[in-house]
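Chains, contacts and geometry: an overview
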Amino acid sequence: MMRVTIARRHFYIHPIEVEQAMSGVKPESASGASVKIGGIAYPVMQVGAAITHQDRRDFSAREVYLAMKTLGFSCRTAPS
């Protein structure tokens, strides 16, 4: 379990909790940064909303990207 900060709030999250939250969820089209969970690439904003239960306007893609990297997930930045 690791502490990550998203939208100025601290969350104590285990990578397995992220995998469970995204299990069976259809990924939205990823035009920006993405995170690979269970072999599927999800947009970081979709993952952030799923794990924090907050509105996507409350956090940035960078916050979620850094949190997912901290938890050990493979992340990709937005294509240039």
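A brief look at the structure comes next. All values reported here derive from a predicted model rather than from experimental measurement.

Some remarks on the overall build of the protein
- For the protein, the helix and strand inventory stands at 3 helices and 5 strands.
- Here the protein has a C-alpha radius of gyration of 11 Å; the compact-globule value for 80 residues is 12 Å, and the two agree.
- Taking the principal axes of the C-alpha coordinates as reference, the protein spans close to 30 × 25 × 20 Å.
- In the protein, which comprises 80 residues, the share counted as buried stands at 38%.
- Sequence separation of at least 24 residues holds for 47% of the intrachain contacts in the protein that already meet a minimum separation of 6.

Focus: the packing of helix α2 (residues 44–52) against helix α3 (residues 61–70)
- Packing of α2 against α3 brings their axes to within 9 Å, and their N-to-C directions diverge by 80°. The angle between α2 and α3 places the two elements in the roughly perpendicular class. Across the interface between the two elements, V44, M45, V47, G48 and I51 from α2 touch A61, V64, Y65 and M68 from α3.

Rules used throughout
- Residues numbered from 1 in each chain as written.
- Predicted model: local features only at pLDDT ≥ 70, side-chain atom pairs only at ≥ 80, totals over all residues.
- Heavy atoms only, no water.
- Helix = DSSP H or I, 4+ residues; strand = E, 2+ residues; numbered from the N terminus.
- Rg over C-alpha atoms; globule rule 2.2 N^0.38 Å.
- Buried < 20%, exposed > 50% of the residue type's maximum accessible area, 1.4 Å probe, protein only.
- Contact = heavy atoms within 4.5 Å.
- Axes fitted to C-alpha atoms, helices over the stretch in contact; angles between N-to-C directions.
- Parallel < 35°, antiparallel > 145°, perpendicular 65-115°, else oblique.

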